[in-house]
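Overview (structure and organization)
The chain contents come next:
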Amino acid sequence: MDWLERVAKLRRWTSNDVRAPHKPLLLLCALGSFQRDADGELRYSVVEGELKRLLEEYGPSHPTTPAYPFHHLVGDGVWEVRTDQGPGSPGSGVRVLRSSGATGRLIPELRTALMKEPGLLGRLVRVVLDFHFPPSLHTDPCEAVGLDLDLAETEGVTGTLGGTQRVTRRQRDRRMRELVLTAYELQCAFCGYDGMLGASTVGLEAAHLRWWSHDGPDEVDNGLCLCSLHHKLFDKGVLGLGERRRILVSQRFVGRSEASRQHVLTLAGRQVIGPQAGTSSVAGRHRQWHAE
C-alpha cells in the first residue's frame, strides 16, 4: 500500500480557490494520537472542541464544523469511524456523531504499517504539511495536536529504492529566495528590516502570496521579501496586501503592547517597499488569492 501517495491525494473541498484544510488537520490529530497511543481512539464528543479551534485558526474564514472531516475522511482510505452500535460512520451531523458515541482512528492497515516502519509516521506528517500548509506554519498545527515534529524531519519523501512508498511531488525552484530577496534589495517589504550576519542575510525570507502548497508558482511576481515575523503574520492572515500596494492589517488582530503597535498596527495603509525598478511587482491574481 502506497500510504504517502494516498495521503498526498486527500480529497479536499474547494470553492473559488478557497482552501479547506479540514481533512489534513484531522489527519494530523490522528497521527498525533497514534504517536501517543497506537491503539487509542478519538471520540468525537471529546475532540470536537479541539478540532473546532484548529479549523477556526487554520481553516476558511466562514463558519465550519469538525463533523465534516470526521465523517468524510473515511472516504480517503486512511480513517475509520465506529459508533456504540458497531463499525461505520453515522453521518456528518454534529448531533448524531455526539449521541452515537462515534470514535475515529487510523484504519488497521495503516496502523500496522506505522508499527512495522516507524519512520513512516514522520514521512506522512511531512506530506500533510507540504501539501496543505506553507513552511512558516508547519510547526504550529503539529504543536496544537501534540505531534512531535522532530519525527517529520525524515528525508527522502519523494521515494525509496524498490519503488515502494513513492509519491509524486512538485519540485521547488531553489532560486526563488535569491531572486525575491534581490528584487527587494535585501530588506523586508513591510518594515525595511535588512539584517546581515557577516556577508549573509539573517531573518529575511521569500514569502509566497499564493502558497506553493496551493499551486502558487516560484516566481518573483508571487513573492515578497519579508522578515521572519512579518512572513509568519502574512501567512496567518494578520497582514495582507491591498490595492495600490498598501499593507492591510486584520481587524481581528489584537495587540496591546508598544511592540505590537510598532511592528504590526502602524503598518496599516503603509505602502510596501520595493521591488526595485526592472523587476516584477506582485501579480494582481496572486494578491487577490491571498486576500481572499
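These figures come from a predicted structure and were not determined experimentally.

Here we take up unusual backbone geometry. The omega torsion across Gly274 and Pro275 is 0°, close enough to zero to call that bond cis. As for its position among the elements, Pro275 is in the loop between α11 (258-263) and α12 (284-291). Residues other than glycine seldom take positive phi values, yet Asp215 does so here, at roughly 70°. Since its relative accessible area comes to 57%, Asp215 is described here as exposed.

A side chain with one charge can pair with a side chain of the opposite charge if their charged atoms come near. In the structure shown here, the tally under the stated rule is 11 salt bridges. Across the pair Glu5 and Lys9 runs a salt bridge, and its minimum N-O distance is 3.2 Å. Salt bridges here are not isolated pairs; linked through shared partners, they connect Glu41, Glu80, Arg105 and Arg111.

If you walk through the whole model with that rule in mind, you get zero disulfides. Of all cysteine sulfurs in the structure, the one in Cys188 sits closest to Cys225, which takes part in no disulfide; the separation is 6.6 Å. A relative accessible area of 0% means that Cys225 is categorised as buried.

Scored by pLDDT, the protein chain has a mean of 86; 88% of the residues are at 70 or more. This model gives residues 154-167 a pLDDT under 50, and the stretch forms 29 contacts once residues within four places in sequence are excluded.

The next subject is the packing of helix α6 (residues 108-116) against helix α7 (residues 119-132). Running from amino to carboxyl end, α6 crosses α7 at an angle of 120°, the nearest separation of the two axes being 6 Å. The orientation of α6 with respect to α7, classified from their angle, is oblique. Contact residues: α6 offers Leu110, Ala113 and Leu114, while α7 offers Leu120, Leu121 and Leu124. Each residue belonging to the contact of α6 with α7 can be placed in one class, and the counts come to six nonpolar, no polar and no charged.

Residues Trp79, Val81 and Thr83 point to one face of strand β2 (residues 79-83) and are all buried, whereas Glu80 and Arg82, pointing to the other face, are not buried. Pairing geometry for β2 and strand β4 (residues 103-106), over four bridges, is antiparallel. Across the sheet, Arg82 pairs through a bridge with Thr103, a residue of β4. Between β2 and strand β3 (residues 86-87), which follow one another and run antiparallel, lie two residues.

Here we come to helix α10 (residues 228-236). Three- or four-residue spacings in an α-helix give side chains the same orientation, since the helix completes a turn every 3.6 residues. All buried positions along α10 are accounted for by His230, His231, Leu233, Phe234 and Asp235. Contacts from the buried residues of α10 go to β7 (204-208), β8 (223-227), β9 (239-241), α11 and α12. Positive backbone phi, approximately 85°, marks Gly237, located one or two places after α10.

Here we come to the packing of aromatic side chains. Applying the stated criterion across every chain yields a total of four aromatic pairs. Their ring planes at 75° and their centres at 5.1 Å tell us that Tyr44 and Phe70 sit as a pair that is edge-to-face. Of this pair, Tyr44 sits in helix α3 (residues 44-58) while Phe70 sits in helix α4 (residues 67-72), and the two are 26 residues apart along the sequence. Assigned by exposure class, Tyr44 and Phe70 land together as buried. Ring geometry for Phe70 and Trp79: centres 5.3 Å apart, planes at 85°, overall edge-to-face. Given a relative accessible area of 0%, Phe70 falls into the buried group. Three or more aromatic residues joined by ring pairs make a cluster, and in this case those are Tyr44, Phe70 and Trp79.

Reading across the sheet, the four strands line up as β1-β4-β2-β3 and stay open at both edges, with antiparallel pairing between neighbours. Only two strands of the sheet have a single partner each, and these edge strands are β1 (42-43) and β3. Both β1 and β4 contribute to a ladder of two bridges, which runs antiparallel. Bridged to Arg43 within β4 is Thr103. Against the sheet, helix α2 (residues 22-36) engages β1, β2 and β4, with an angle of about 75° to β4.

What α6 keeps buried is the set Leu110, Arg111, Ala113 and Leu114. The buried residues of α6 occupy an angular sector of 160° when the element is viewed end-on, so they sit on one face.

About the thresholds
Residues numbered from 1 in each chain as written. Predicted model: local features only at pLDDT ≥ 70, side-chain atom pairs only at ≥ 80, totals over all residues. Heavy atoms only, no water. Helix = DSSP H or I, 4+ residues; strand = E, 2+ residues; numbered from the N terminus. Buried < 20%, exposed > 50% of the residue type's maximum accessible area, 1.4 Å probe, protein only. Salt bridge = Lys/Arg side-chain N within 4 Å of Asp/Glu carboxyl O. Disulfide = S-S within 2.5 Å. pLDDT = per-residue confidence, 0-100. Contact = heavy atoms within 4.5 Å. Axes fitted to C-alpha atoms, helices over the stretch in contact; angles between N-to-C directions. Parallel < 35°, antiparallel > 145°, perpendicular 65-115°, else oblique. Nonpolar A, V, L, I, M, F, W, Y, C, P; charged D, E, K, R; others polar. Pairing = 2+ DSSP bridges. Phe/Tyr/Trp six-rings, centres within 6.5 Å; stacked < 30°, edge-to-face > 60°. Arc of directions from axis to C-beta.

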